Amino acid sequence: MRGRSDGSQKKRLITSVCVVAIFLGFVYFYYGSIFGSQEYGNKLRKLGSPYFGGDDDSDGKQDETMKFGQEDGEDVIVPKSFPVCDDRHSELIPCLDRHLIYQMRMKLDLSLMEHYERHCPPPERRYNCLIPPPSGYKIPIKWPKSRDEVWKANIPHTHLAHEKSDQNWMVVKGDKISFPGGGTHFHYGADKYIAAIANMLNFSNDNLNNEGRLRTVLDVGCGVASFGAYLLSSEIITMSLAPNDVHQNQIQFALERGIPAYLGVLGTKRLPYPSRSFELAHCSRCRIDWLQRDGILLLELDRLLRPGGYFAYSSPEAYAQDEEDLRIWKEMSTLVERMCWRIASKKNQTVIWQKPLTNDCYHQREPGTQPPLCRSDDDPDAVGSVPMEACITPYSDHDHKFKGSGLAPWPARLTSPPPRLADFGYSNEMFEKDTELWKHRVENYWNLMSPKIESNTLRNLMDMKANLGSFGAALRGKDVWVMNVVAEDGPKTMKVIYDRGLIGAVHNWCEAFSTYPRTYDLLHASTVFSDIEKKGCSAEDLLLEMDRILRPSGFIIIRDKQSVVDFVKKYLVALHWEAVATADSSSESDGDGDETVFIIQKKLWITSESLRDEE
């Protein structure tokens, strides 16, 4: 070819180049559509074009270092709109994103479930966009009707209905998905199964709440959380826990139904709950290898159970007669015996173990017995990326002396100062004052929102900075539940929250929360923005995260300094939020005027892609 100019060869060369160019262009646009939304900002489509009602002339510019307290006259650029994430990311959970793991080539041990643990994107890989609702999304069905049915369009996944059709997890009925209350080991209904467990423990009237002494439950591998759903009528609140695994939408279904739930896994890190939080742990065919790593997962449950707490285990090992199941049962029985658990009851498919009330059994073990007691300098309440340890957490001197946690029965424990309150230097009077303070504040919130809400408008609530849990305690008379959140690096008050009979999780708001989009009806943010400013984290990222987890038509209550409220107001148009009410805290009985209460409602919006899908 060199030195010659052949016309036919030149045409073939041009044709080949065109084919290669077309192929490369296809690859670029295909993979760009999948992964392009993970680039920070510039490759994301603007909200103004696909969003109906958006501002078409928005330039989308955003100041990345905006601080609270800047004067209005300063040159600060605030976006008129945020980009919209690709529709295929309508269920994005940033810190549990499988694509991120693949792209960053993380070396994780799959056998230890590390790929189901939290792995948050670095700042340059965060999604700088709004999560769109799925095509046909509707305002969720209200509680209590939602316990039994949800809109199929809101969670358009029916594989569990087919996969678990013989177990009555869920059934597709037209434009809805219904939940008959079945489970892997309770095909005939969670209510009958719960009554059977109560009967095994000889609780009066076959009621598992045991006259208020059993209040908080951890359901591991919860499925669609029907076990926790049916416990609510017995005044028992359950933290339903499952990973984003092959049954990846189970927690999404639970929250859509209005049932407390959290995305988590028994892997290598401690669960985000303090020690001695639950009266009962439950596993119904949860597919967990409890014998792995010297029983480290059972020892994590042991850390979380209160003195005298129970572990209800329904699984083939508890009743089957084949060789492998018998081997597992024998080894498990030996392990829990060394942990000083005893069999409280065993019947049919279920065994219930009970944890000791005191340290006596631990001290009576032969020297060198495994698993060992944890080191004296180990903090059993330290969570948040804290590795599990294969050791037994002994009781405090108080719990050992009083042979239990010393908690009042429910509902008295909600307002009774718990013994662990003294760990923070709080007096009973301070606790009671805090409880009364938040009672008045919550009454004021509801008065401000009253034109917008009815008795069944709200169900799933989150207190983003719960402190002692008094915001949630003040809502006792309303048909809601609260996910209380306490900071990783602050006072470990989550144990007081659990002692009050409430639930929650430890979390750092510089990162995304472990939940699906559109799962909460109300977010309460008391000085949360001021806190992350001190940490040097992005307030814009927090706004986008709040929008992600808030349901369309849901509410945000911001209680903070005036400069924070002014900052948030500048983003209302870009986020498609609208102001509902503003009040100075001096108008409250406790107010000193230093804080402003700002209430916001999120609008329901759709993308042009969603509209085309519906058409």
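What counts and how
Residues numbered from 1 in each chain as written. Predicted model: local features only at pLDDT ≥ 70, side-chain atom pairs only at ≥ 80, totals over all residues. Heavy atoms only, no water. Helix = DSSP H or I, 4+ residues; strand = E, 2+ residues; numbered from the N terminus. Buried < 20%, exposed > 50% of the residue type's maximum accessible area, 1.4 Å probe, protein only. Contact = heavy atoms within 4.5 Å. Areas by Shrake-Rupley, 256 points an atom, 1.4 Å probe, with all protein chains shown as cover. Pairing = 2+ DSSP bridges. Axes fitted to C-alpha atoms, helices over the stretch in contact; angles between N-to-C directions. Parallel < 35°, antiparallel > 145°, perpendicular 65-115°, else oblique. Left-handed = near helix turned anticlockwise from the far one by under 90°. Nonpolar A, V, L, I, M, F, W, Y, C, P; charged D, E, K, R; others polar. Right-handed = clockwise from strand over helix to strand, strands pointing away. Disulfide = S-S within 2.5 Å. pLDDT = per-residue confidence, 0-100. Phe/Tyr/Trp six-rings, centres within 6.5 Å; stacked < 30°, edge-to-face > 60°. Lys NZ or Arg CZ within 6 Å of the ring centre and 35° of its normal. Core = buried A, V, L, I, M, F, W, Y, C linked by side-chain atoms within 4.5 Å.

## Considering the overall build of the protein chain
Move 1: Across its full length, the protein chain holds 18 helices and 17 strands.
Move 2: Relative to its 615 residues, the protein chain shows a buried fraction of 54%.
Move 3: The long-range share in the protein chain, meaning contacts at least 24 apart out of those at least 6 apart in sequence, stands at 71%.
Move 4: Approximately 26,900 Å² of the protein chain is accessible, and the part contributed by carbon and sulfur atoms is 50%.

## Re the sheet that holds strand β17 (residues 596-602)
Move 1: Pairing is mixed in the open sheet, where seven strands are placed in the order β13-β12-β11-β14-β15-β17-β16. Each having just a single partner strand, β13 (503-507) and β16 (577-584) make up the two edges of the open sheet. Between one strand axis and the next, the sheet turns through 20° on average, direction left out of account.
Move 2: For β16 and β17, the ladder comprises seven bridges, and the chain directions are antiparallel. Bridging from a neighbouring strand, Glu578 pairs with Gln601 of β17.

## Notes on the packing of helix α7 (residues 292-304) against helix α8 (residues 323-338)
Move 1: Running from amino to carboxyl end, α7 crosses α8 at an angle of 60°, the nearest separation of the two axes being 11 Å. Overall, the two elements α7 and α8 adopt an arrangement that is oblique. Read as a crossing pair, α7 and α8 show a hand that is right-handed. Within the contact between the two elements, α7 uses Asp294, Gly295 and Leu298 and α8 uses Met332, Leu335 and Val336.
Move 2: Of the residues that constitute the contact of α7 with α8, the class distribution is four nonpolar, one polar and one charged.

## A few points about the pairing of strand β5 (residues 237-242)
Move 1: For β5, the buried fraction is high: six of the six residues fall into the buried class.
Move 2: The alternating pattern of β5 places Ile237, Met239 and Leu241 and Thr238, Ser240 and Ala242 on opposite faces, both of which are buried.
Move 3: Two elements, strand β4 (residues 216-220) and β5, share five bridges in a ladder whose sense is parallel. Paired with Thr216 across the bridge in β5 is Ile237.
Move 4: Taking the sense of rotation as the criterion, the β-α-β connection linking β4, helix α5 (residues 226-231) and β5 turns out right-handed.
Move 5: Note: β5 against strand β6 (residues 261-263), three bridges, orientation parallel. By the bridge assignment, Ala242 is partnered in β6 with Leu263.

## Things to note about the state of the cysteines
Move 1: Across all of its chains, the model carries six disulfides by this definition.
Move 2: Here Cys510 engages in a disulfide with Cys537; their sulfurs sit 1.8 Å apart. Looking along the S-S bond of the Cys510-Cys537 disulfide, the torsion reads about 90°, which is the right-handed sense. Note that Cys510 is positioned in the loop between β13 and β14 (520-526) and Cys537 in the loop between α14 (528-535) and α15 (539-549), a separation of 27 residues in sequence.
Move 3: Cys510 gets classed as buried once you look at its relative accessible area, which sits at 15%.
Move 4: A residue is classified by how much of its surface remains accessible, and Cys537, at 24% relative accessible area, is partly exposed.

## Here's the deal with the confidence of the model for the protein chain
Move 1: Confidence in the prediction for the protein chain averages 86 pLDDT; 83% of positions are at 70 or higher.
Move 2: Low pLDDT (under 50) marks residues 1-6, which in the prediction has two contacts with non-local residues, meaning those over four places away or in another chain.

## Here we look at the packing of aromatic side chains
Move 1: Tallied over the full model, the rule gives 22 aromatic pairs.
Move 2: Ring geometry for Trp290 versus Phe311: centroids 5.4 Å apart, planes at 70°, classification edge-to-face. Of this pair, Trp290 sits in the loop between β7 (278-284) and α7 while Phe311 sits in strand β8 (residues 305-314), and the two are 21 residues apart along the sequence. As far as the burial class goes, Trp290 and Phe311 line up, both buried.
Move 3: Taken together, the ring pairs connect Tyr262, Tyr273, Phe278, Tyr498, Trp509 and Phe513 into an aromatic cluster.
Move 4: Note that Arg459 overlies the ring of Trp143, its terminal NZ or CZ placed 3.7 Å from the centroid.

## Quick look at the nonpolar core
Move 1: Counting residues in each nonpolar core, the largest one holds 122 residues, and the members touching the most others are Leu208, Tyr273, Trp290 and Val568.
Move 2: When neighbours within four sequence positions are excluded, Val568 is seen to be in contact with Phe529, Leu543, Ile558, Trp577, Phe598 and Ile600.
Move 3: Counting 18 residues, the second largest nonpolar core, distinct from the first, contains Val442, Trp446, Val482 and Ile557.

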